[in-house]
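Each chain, written out:
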Amino acid sequence: MDIADWEKRYEEAVFNVKEHIGNVQGVFVAYNSNVDAMKHIRVDEIKKLVSIIGYKNLRERIIEYPREIKDPTDFMARLFIAMRDGKAAEVPTYTTDLHEWLMDNLVFDSARMGGQAGIMSNLLVNLGVKNVITYVPWLSREQAEYFIDSPHLKHPVIEDGKLILKHPKEAFDPEQKPKINWIIEFSKGMRFSCAGEDFEVPRDNRLIVSSRPNWLRIDMGNDMYEQLDEIREDIDGAILAGYQMIKEEYEDGTTYVDYVKKAVNVIERLKGCNPQMRIHVEFTSIQNKVIRKALLTEIVKKHVTSLGLDTVEVANALNVLGYEELAYSVINKGEDSVVSLYEGAVKLLKELELQRVHIHSLGYYICVVSKDHPLDANIQREALLFASALAATQATLGSVTNIDDISVGLGVPVYDQGYDDLLELEKYLVRRGICSSEDFEDGCISAEGHGLVIVPSKVVKDPVATVGIGDAISAGAFIALLARMPKINIC
Ligand code: ADP
């Protein structure tokens, strides 16, 4: 099948998903929302900040390579390293002191909704989903401002001992402090000398300072947890993200084991006696291997139906599950990396007892599906194509405010490099007798028993913004599938 045929499939898929999206009764989305403070930094501003902290301090700290940001010098050291290498970096900070220092000395250009759950909640409402029940354990007044105004967006609160749903702007805790991440963007070609080195920034990129104050918990009060089944009737599924916030140990003596247990309990509560309840977890990079492994083997395995992740995250997941060689082969960008990606997807599906693993990369999406998933390959493929058109829309416009915006993404051509990569995978699977060429294009049940659906994606040449595109892909595909799920009322 050539690219023109894929373009036709895209048109049909978007049309069909739009027709069905109204069938979705509702979605629960938790946990991580934050405010992203965006700053495009200039050379004169960097010079000013360096003069405040001092050259000598900075030079020493760059050599130490701080893994967390404890003070302004750590921040400047990591900014310098990111700019020198042109690499994106995300570094945690555990107090709000840096935020105050940056507000006094730099100030942001703009602020917007950040965090996977916050981004996905707003997106789903904009796509026309009726009941988006978002839950943020740290819902502050400032945070609430970044949720879009819509009667379809609600947050659970306990009033007079009863769970009720209100818009986040009416549900926030006035005592709660906001979680504000700083995203410092820098441009290719910026030149300056610092710490004895002259350099030019090789690439546009960003440093994210991720705020992790000690009150951050992936949690829910007992009274809310007890009454969570009240919302079960309003939703067909849940999207859960933010588990990377879990720490190994807390000051009060609790550990990650306590929070993993709570996380599983919430999932069980949402499912109740409805085994058809779809639970999607959006993975992300988690530095701490203990937490990464616990998320996969304790929360995802057995409890979750669907997992979304990018290629680097596939490698990270495989790594903690004991498949180091395969993990290496996924990221080494060799000829076989797309084949390894497919093999990795199958490993995750089986090992974690999932029904669906959706991998997005720049150029194609691979989805492997277990035998017992209730939807066929055609519908699975339409969901991926819809997600790709949605991603292209977001990359072009910066945000999606209405489902009809997707016509913009539909106009973006299928990425030919992604299409070529898929041909490699096709050759491999046909050679190994896993499927035929036709099966490969149409989606198929492999000889090994799992379903396989692969699409070339649309890629925007000069994206306005790239943050949150992965979230849009996973939420878009998940909602497209929910819209087609047979309705069974069991509870
Ligand atoms: P984030 O967490 O910021 O969303 P991810 O790594 O999870 O980042 O997802 C990024 C995904 O966005 C990529 O896998 C790719 O599929 C998609 N993407 C990135 N850039 C573009 C672009 N210019 N056009 C279309 N899709 C893009």
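This one's a predicted model, so the numbers in the text were calculated from it and none came from an experiment.

Chemist: I keep staring at the site of the ligand and nothing clicks. Help me out?
Modeler: The environment of the ligand is formed by 17 residues, the closest being Asp310, His360, Ser361, Val460 and Gly470. Between the ligand and aspartate 310, the relevant distance is 2.5 Å, taken from an oxygen atom to a side-chain nitrogen or oxygen of the residue. Here glycine 468 contributes a backbone N or O atom positioned 3.3 Å from an oxygen atom of the ligand. In isolation the ligand offers 570 Å² of accessible surface; the protein chains occlude 80% of this area. Those elements giving two or more residues to the shell around the ligand turn out to be β15 (356–361) and α19 (469–482). At four residues, α19 tops the list of elements feeding residues into the shell around the ligand.

Chemist: Before we go on, may I ask you to explain the UniProt feature "active site" (unreviewed entry) in the protein chain in this structure?
Modeler: Look at the UniProt record and you will see "active site" (unreviewed entry) annotated at Asp471. Residue placement: aspartate 471 occurs in helix α19. Setting aside its immediate chain neighbours within four residues, aspartate 471 contacts Gln116, Ile119, Met120 and Glu282.

Chemist: It is not clear to me how the nonpolar core should be interpreted in this structure. Could you clarify?
Modeler: Generally speaking, a soluble globular protein has its nonpolar side chains buried in company with each other. Phe28, Leu124, Tyr243, Phe386 and Leu425 are the most contacted members of the largest nonpolar core, which totals 141 residues. Filtering out sequence-adjacent residues up to four positions away, leucine 425 remains in contact with Val338, Val339, Tyr342, Ile366, Phe440 and Ile454. Val35, Leu58, Ile62 and Val91 belong to the second-largest nonpolar core, a separate cluster that totals 35 residues.

Chemist: Would you take a moment to explain the pattern of salt bridges for this structure?
Modeler: Side-chain pairs of opposite charge can arise whenever the charged atoms involved come near each other. Under the definition given, this model contains 23 salt bridges. In this structure, glutamate 159 and lysine 166 form a salt bridge, with 2.6 Å as the shortest nitrogen-oxygen distance. With relative accessibility at 34%, the residue glutamate 159 sits in the partly exposed group. For aspartate 229, the salt bridge is made with arginine 269, and the minimal N-O distance between the two is 3.7 Å.

Procedures and definitions
Within any chain, residue numbers begin from 1 and follow the written order of that chain's sequence. Restriction of local features to residues with pLDDT of at least 70 applies here, the model being predicted, together with a cutoff of 80 or more for giving and counting side-chain atom pairs; totals for whole chains, interfaces and linings are based on all residues. Side-chain numbers here rest on the full set of heavy atoms in the structure, without hydrogens or water. Only a single heavy atom is needed: when it lies within 4 Å of a molecule or strand, its residue is near that molecule or strand. Polar contact is the term for a pair of N or O atoms within 3.5 Å; when the atoms are in protein, one must be able to donate a hydrogen and the other to accept it, and sequence-neighboring residues count only if both atoms are side-chain atoms. All accessible areas in this document rest on Shrake-Rupley with a 1.4 Å probe, and a residue is counted as covered only by the protein chains that are shown. Under the DSSP-based scheme used, a helix requires at least four consecutive residues in state H or I and a strand at least two consecutive residues in state E, with every element numbered from the N terminus. UniProt positions are given in the numbering used here, feature names are shortened, and annotations may be inferred rather than shown by experiment. Contacts between residues were defined by any pair of non-hydrogen atoms, one from each residue, lying within 4.5 Å. As used here, the term nonpolar core means buried Ala, Val, Leu, Ile, Met, Phe, Trp, Tyr and Cys residues forming a set that is joined through side-chain atoms within 4.5 Å. Three labels apply to residues, based on accessible area from a 1.4 Å probe with only protein chains included: buried if under 20% of the type maximum, exposed if over 50%, partly exposed otherwise in between. By definition, a salt bridge exists where a carboxyl oxygen of Asp or Glu is found within 4 Å of a side-chain nitrogen of Lys or Arg.

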